[in-house]
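Close look at the chain arrangement
Chain residues, written in single-letter form:
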Amino acid sequence: QLQLVESGGGLVQPGGSLRLSCAASGFTLDYYAIGWFRQAPGKEREFVGAISRSGGSTLYSDSVKGRFTISRDNAKNTVYLQMNSLKPEDTAVYYCAAASLGWTTSRRNAYDYWGQGTQVTVSS
């Protein structure tokens, strides 16, 4: 069974950091670009960032550029989202997704597999 599982979410104070992980089971992530999306209550799911199949290219939304970093460790079949300088408006459920096209894209419909999400809450 092909599955993506996010972990690492939690409660953090404004200005703090968290690292989310996206692990795959049932398939290898080597052939996929990986995107991160988030959805706050009452809002549409929005693109956060993506990393290409090789890891050589990344793409970020303007709202997180300079604060969030995506990396991948294909040997561990895992992709990471390092989130620094967190703000209350970063509060959301964060999802990772895999796209077989291999390159970075912000288009939700380009992604073939999705995880179940992990909650990130930024609050004092």
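Residues numbered from 1 in each chain as written. Predicted model: local features only at pLDDT ≥ 70, side-chain atom pairs only at ≥ 80, totals over all residues. Heavy atoms only, no water.

The full count for this structure, using the stated rule, is seven aromatic pairs. Of the aromatic side chains, those joined through ring pairs into one cluster are F37, F47, Y111 and W114. Sitting over the face of the ring of Y80, R19 holds its NZ or CZ atom 4.2 Å from the ring centroid. Positioned above the aromatic ring of Y95 is the side chain of R45, whose terminal nitrogen or guanidinium carbon lies 3.7 Å from the ring centre. (Phe/Tyr/Trp six-rings, centres within 6.5 Å; stacked < 30°, edge-to-face > 60°. Lys NZ or Arg CZ within 6 Å of the ring centre and 35° of its normal.)

Before going further, it helps to examine the sheet that holds strand β1 (residues 3–7). Sheet architecture is open: four strands sit in the order β1-β3-β8-β7, paired in antiparallel fashion. Looking at which strands have only one partner, the edges of the open sheet turn out to be β1 and β7 (68–73). Between one strand and the next, the sheet's axes are offset by a mean angle of 15 degrees, whatever the strand orientation. Across six bridges, strand β3 (residues 18–25) lies against strand β8 (residues 78–83) in antiparallel orientation. Each residue of the ladder has a partner; that of L18, found in β8, is M83. (Pairing = 2+ DSSP bridges. Helix = DSSP H or I, 4+ residues; strand = E, 2+ residues; numbered from the N terminus. Axes fitted to C-alpha atoms, helices over the stretch in contact; angles between N-to-C directions.)

Another point: the pattern of salt bridges. Evaluated as defined, the whole model comprises five salt bridges. For E46, the salt bridge identified is with R38, shortest N-O distance 2.6 Å. With a relative accessible area of 35%, E46 lands in the partly exposed category. What makes R38 buried here is its relative accessible area of 5%. Across the pair D90 and R38 runs a salt bridge whose closest N-O atoms are separated by 2.9 Å. With D90 in the loop between β8 and β9 (92–99) and R38 in strand β4 (residues 33–39), this residue pair connects regions lying 52 residues apart in the sequence. R38 shares its class with D90; the two are buried. Via salt bridges that share partners, R38, E46, R67 and D90 belong to a single interconnected network. (Salt bridge = Lys/Arg side-chain N within 4 Å of Asp/Glu carboxyl O. Buried < 20%, exposed > 50% of the residue type's maximum accessible area, 1.4 Å probe, protein only.)

Our focus in this paragraph is the environment of V12. Looking at the element boundaries, V12 is found in strand β2 (residues 10–12). For V12, a relative accessible area of 12% gives the class buried. In contact with V12, not counting residues within four places along its chain, are S17, L18, L86, T121, V122 and S123. (Contact = heavy atoms within 4.5 Å.)

All right, on to the side chain of T118 then. Checked against the element boundaries, T118 lands in strand β11 (residues 118–122). The class of T118 is buried, set by a relative accessible area of 12%. At a separation of 3.3 Å, a polar atom in the side chain of T118 contacts the main-chain amide nitrogen of G9. Those residues in contact with T118 that sit more than four places away from it in its chain are E6, S7, G8, G9, L20, A92, V93 and Y94. (Polar contact = N/O pair within 3.5 Å; in protein donor to acceptor, adjacent residues only side chain to side chain.)

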